[in-house]
Amino acid sequence: MSRNFALAYAAILLACAALPLLGDNSTRQLGLEFAATLTLATLWNLLAGYAGVVSIGQQAYVGLGGYLMFALVVFTDMPVLLALPLAGLACGLIAIPAGRLVFRLRGPHFAIGTWVLAEVFRLFFAQISALGGGSGMSLPIMSILAISHSRPDRLLLFYAFAATLALGANLLVFLLLRSRFGLGLTAIRDAEPAAASLGVDVMWLKRIVYIGVAAFTGLTGALIFLQNVRISPDAGFSVNDWTANIIFIVVIGGIGRIEGPLIGCLVFFGFRAAFADFGPWYLIGLGALAILIMLLQPKGIAGLLHRLLARRTARPGFANSKINRAL
Amino acid sequence: MISWLDIIVQGFLVGGFYALFATGLSLMFGVMRLVNLAHGDFIVLAAFAALALVQQFNISPLLCLILIIPLMAALGYLLQRLILNRTLGKDVLPPLLVTFGLSIVIQNFLLLTFSADSQKLPLGTLTTASISLLPGLNIGLYPLAVLIIAAAVIGALQIFLYQTKLGAAIRATSDDATTIRLMGIDNRHIFGIATALAFAVAGLAGVLMGGYTNFSPASGPQNLLFGFEAIIIGGLGNLWGTLLGGMVLGVAQAIGAEINPGYQVLAGHIAFLAILLAAPRGLFPRMAG
């Protein structure tokens, strides 16, 4: 990624981060949703686009993070803001044995395995009557009021938290890719067998990324359901909300590109604002768009922009080589 | 004692459905290394197509099979030639993401056309008829017939793959899709044939399932997961193992349902994960070679 691109990218990100500070409650709420979605998309891009770990079961950790946070608050009277990071941490710990299990499945079967895991979590929480069973539970009002009595203040705080997560996730990916660790990841993305033959411990890298992304996803899930105040098995472990939409965002924006999730989120929220009233047609359109992009432009809008920009500033030799495009 | 025997027998019988769900999935993976995440949704699509025919022409769902099986095969061939062939390559990502997108598109198309209601194909007394083996142990004739059909489909597929020229071409393409082109065989056409076969079985599975259990536009993924679990429990690439894997899954679900109706599906998933932990290559792994 060129320096100019990085600057433009940082500027857009900061603008998105600053916008809701100026607005009213509904703008803050939209900003919060945007930031949480961008976080999940960035994490999925790291997982599938860079580490080659194609999970379609990340909703497992969104719901788990939410439920663990609710359980900590309800059963131990823990302050919400302490329960939040603990829930994320617990998701990372649970991902260690869970990952061991699903990584026994290779390639495309791994993807369905992660889906089974998410279903196990959903059906499990639906059976726990202390957590409301199939109909779910609410956060006690006192624990919400303990954060702040003013709803605008709470929304601002949650929004700031979500924006920090989104910026943090992007910064993490950016720094990770410049590290030795990231070099291994990029090598896996470009040619997995070659990376392995050059001494990259592919399985170890994949597992570490899976666990780290699970913890981060769990934290994001806990924040999403803190703002919702209610959680249920179907909402927490929804494959449509936390996986289908996220995959569409990353594919449309550009998978394996650091700016892909942001571009995808902008397209997604615009698309949703324009067409959400059309019900099922809206998801048919989104799915069809993602399929078309995967077939015709596998690097998404980000890849298309890159090609157009590269053509304008085309220089022979090193500048356009693969090395320059590695980021 | 007899009640537990009854539960296990009922579970075994359900295995026929799961084997039928799994056969197409297994065939496509075997030939193209492609996992079709929309497989369960295509099964449901076939069931809804049968429902539309039944409502329109007031005919028996089983008669619809004459139309639905070739239609599904044609759909499979076209899908493979027009879309899926473009996604094949070293990368596992494109076929997964394209078929996942298809899954969402089909679910919402069905939601739009048929509403979210649960449906069932009218088969009358056919699905409730049973024979008594022992006092207290009844076997439903319909699931028994489905189990026999599943075994017949797998047997026919084995004969086709191992004893016909086209079957040999499919196996050769599965081994090396590049070299086969040097032999004058179009691998894209062979892939189309394999998917057409897989979809024909999915059409059969959809109609048979639709007469036995409720289905809705959202029930596709569950069929996919059950079929997938039958494959992994049985051992990859072993179609007879898949049939046994489906039975193991059915028994686990039946035992779970007996303890608490809410545990039925969960017990099946947990049995799958336990087997994955204990025997990652499945209970009946194919011999090397």
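The numbering scheme is per chain: residues are counted from 1 as the chain's sequence reads. Labels follow written order: the first chain is A, the first ligand is 1, and so on. Given that the model is predicted, a residue must reach a pLDDT of at least 70 before its local features are reported, and side-chain atom pairs must reach 80 or more before they are shown or counted; all residues, however, enter totals for whole chains, interfaces and linings.

1. Some points on the overall build of chain A
- Per the secondary structure count, chain A includes 15 helices and 2 strands.
- C-alpha atoms define the radius of gyration in this analysis, and the globule rule sets the expected value at 2.2 Å times the number of residues to the power 0.38. Since a compact globule built from 327 residues should have a radius of gyration of about 20 Å, the 20 Å found for chain A is in line with a globular shape.
- For chain A, the spread of C-alpha atoms along the principal axes amounts to about 65 × 45 × 40 Å.
- Exposure in this text rests on C-beta crowding, where 20 or more other C-beta atoms within 10 Å of a residue's own make it buried, 12 or fewer make it exposed, and counts in between make it partly exposed. The C-beta atoms are placed from the backbone. Within chain A, the fraction of its 327 residues that count as buried is 46%. Secondary structure counts use DSSP, requiring at least four H or I residues in a row for a helix and at least two E residues in a row for a strand, with both numbered from the N terminus.

2. Focus: the overall build of chain B
- For chain B, the count of helices and strands is 11 helices and 2 strands.
- For chain B, whose C-alpha radius of gyration is 19 Å, the value lies close to the compact-globule estimate of 19 Å for 289 residues.
- Expressed as lengths along the three principal axes of its C-alpha atoms, the size of chain B is roughly 65 × 50 × 35 Å.
- Looking at chain B as a whole, 51% of its 289 residues qualify as buried.
- Of the contacts made within chain B by residues no fewer than 6 positions apart, 76% connect residues no fewer than 24 positions apart. What counts as a contact here is a pair of residues whose C-beta atoms, placed from the backbone, lie within 7 Å.

3. Considerations on the interface of chain A and chain B
- Contacts between chain A and chain B engage 33 residues on the former and 33 residues on the latter.
- Breaking the side of chain A that touches chain B down by element, the ones donating at least two residues are α5 (107-127), α12 (239-253) and α14 (280-296) of chain A.
- Per element, the largest residue contribution to the side of chain A that touches chain B is 13 residues, and it comes from α5(A).

4. Concerning helix α13 (residues 260-275) of chain A
- Its 16 residues give α13(A) an end-to-end C-alpha distance of 22 Å, which sits within 8% of 22 Å, the value for a rise of 1.5 Å per residue.
- Those residues of α13(A) that fall on the buried side of the exposure criterion are A:Gly260, A:Pro261, A:Leu262, A:Ile263, A:Gly264, A:Cys265 and A:Phe268. One less than the residue count of a helix, multiplied by 1.5 Å, gives the span that helix is expected to have.

5. Structural notes on the packing of helix α2 (residues 25-50) of chain A against helix α7 (residues 151-178) of chain A
All names here are of chain A.
- All axes here are fitted lines through C-alpha atoms, helices being fitted over the stretch that makes contact, and every angle between N-to-C directions spans 0 to 180 degrees. Between α2 and α7, the least distance of the axes is 8 Å, while the angle of their chain directions is 25 degrees. In terms of axis orientation, α2 runs roughly parallel to α7. Here α2 runs over α7; the crossing is left-handed.
- The nonpolar class holds Ala, Val, Leu, Ile, Met, Phe, Trp, Tyr, Cys and Pro. Asp, Glu, Lys and Arg form the charged class, and all remaining residues, Gly among them, are polar. Among the residues forming the contact of α2 with α7, the class breakdown is 17 nonpolar, 6 polar and 2 charged. In this scheme, roughly parallel covers angles under 35 degrees and roughly antiparallel covers those over 145, while 65 to 115 is roughly perpendicular and the rest are oblique. With the far helix as reference, a near helix turned anticlockwise by less than a right angle produces a left-handed crossing, and one turned clockwise produces a right-handed crossing.

6. Considerations on the nonpolar core
- What we call a nonpolar core is a set of buried Ala, Val, Leu, Ile, Met, Phe, Trp, Tyr and Cys residues whose membership is set by joining through C-beta atoms within 7 Å. With 196 residues, the main nonpolar core has A:Met69, A:Ala162, A:Leu223, B:Ala46 and B:Ala47 as its most contacted residues.
- A per-element tally of this core places helix α1 (residues 2-32) of chain B first, with 16 residues.
- Those residues within four positions of B:Ala47 in sequence are excluded, and the remaining contacts are B:Leu121, B:Gly206, B:Val207, B:Met209, B:Gly210 and B:Phe215.

7. Focus on unusual backbone geometry
- Positive phi outside glycine occurs at A:Val229, with the angle close to 70 degrees.
- Despite not being glycine, B:Arg33 has its phi angle at roughly 55 degrees, a positive value.
- Summarising the element assignment, B:Arg33 is placed in the loop between α1 and α2 (39-57).
- A count of 16 C-beta atoms within 10 Å places B:Arg33 in the partly exposed class.

8. Regarding the environment of A:Glu259
Residue and element names in this part refer to chain A.
- Positionally, Glu259 belongs in the loop between α12 and α13.
- Each C-alpha atom, one on Glu259 and one on Asn170, is 8.8 Å from the other, the two residues being 89 residues apart in sequence.
- Every residue in contact with Glu259, bar those within four places of it in the chain, is listed here: Tyr9, Gly254 and Ala302.

9. Examining the pairing of strand β1 (residues 130-134) of chain B
Residues and elements named next belong to chain B.
- Across the 5 residues of β1, 0 count as buried, placing the element largely on the outside.
- In this structure, β1 lies alongside strand β2 (residues 137-140), joined through 4 bridges in antiparallel fashion. If you follow Ser130 over to β2, its bridge partner there is Gly140.
- The pairing criterion is simple: DSSP has to find at least two bridges between the two strands. Counting the residues in the hairpin turn of β1 and β2 gives 2 residues, including Gly136, whose phi is positive at 90 degrees.

10. So, the confidence of the model for chain A
- With 92% of its residues at a pLDDT of 70 or more, chain A shows a mean pLDDT of 88.
- Scored from 0 to 100, pLDDT records how confident the predictor is in each individual residue. Segment residues 317-327 of chain A: pLDDT under 50, and 9 contacts once partners within four positions in sequence are set aside and those in other chains are kept.

11. Considering helix α5 (residues 141-163) of chain B
- The terminal C-alpha atoms of α5(B) lie 32 Å apart, and with 23 residues this matches the ideal 33 Å at 1.5 Å per residue to within 8%.
- Listed in full, the buried residues belonging to α5(B) are B:Tyr142, B:Pro143, B:Val146, B:Leu147, B:Ala150, B:Val153, B:Ile154 and B:Leu161.

12. Description of the packing of helix α3 (residues 59-76) of chain A against α5(A)
All names here are of chain A.
- One can describe the packing of α3 onto α5 by two numbers: an axis separation of 8 Å at closest approach and a directional angle of 30 degrees. Judged on the interaxial angle alone, α5 and α3 are roughly parallel. In the crossing of α3 with α5, the sense of the turn from one axis to the other is left-handed. Facing α3, whose interface residues are Gln59, Ala60, Gly63, Leu64 and Tyr67, α5 presents Leu117, Ala118, Phe121, Arg122 and Phe125.
- Residues that form the contact of α3 with α5 fall into these classes: 7 nonpolar, 2 polar and 1 charged.

13. Points about the environment of A:Ala196
- With respect to the element layout, A:Ala196 can be found in helix α9 (residues 192-197).
- Spatially, the C-alpha atom of A:Ala196 lies 31 Å from that of A:Ala290, the residues being 94 residues apart in sequence.

14. Considerations on the environment of A:Phe181
- For A:Phe181, the position within the fold is in helix α8 (residues 180-190).
- Distance from A:Phe181 to A:Asn45, taken between C-alpha atoms, is 16 Å for residues 136 residues apart in sequence.

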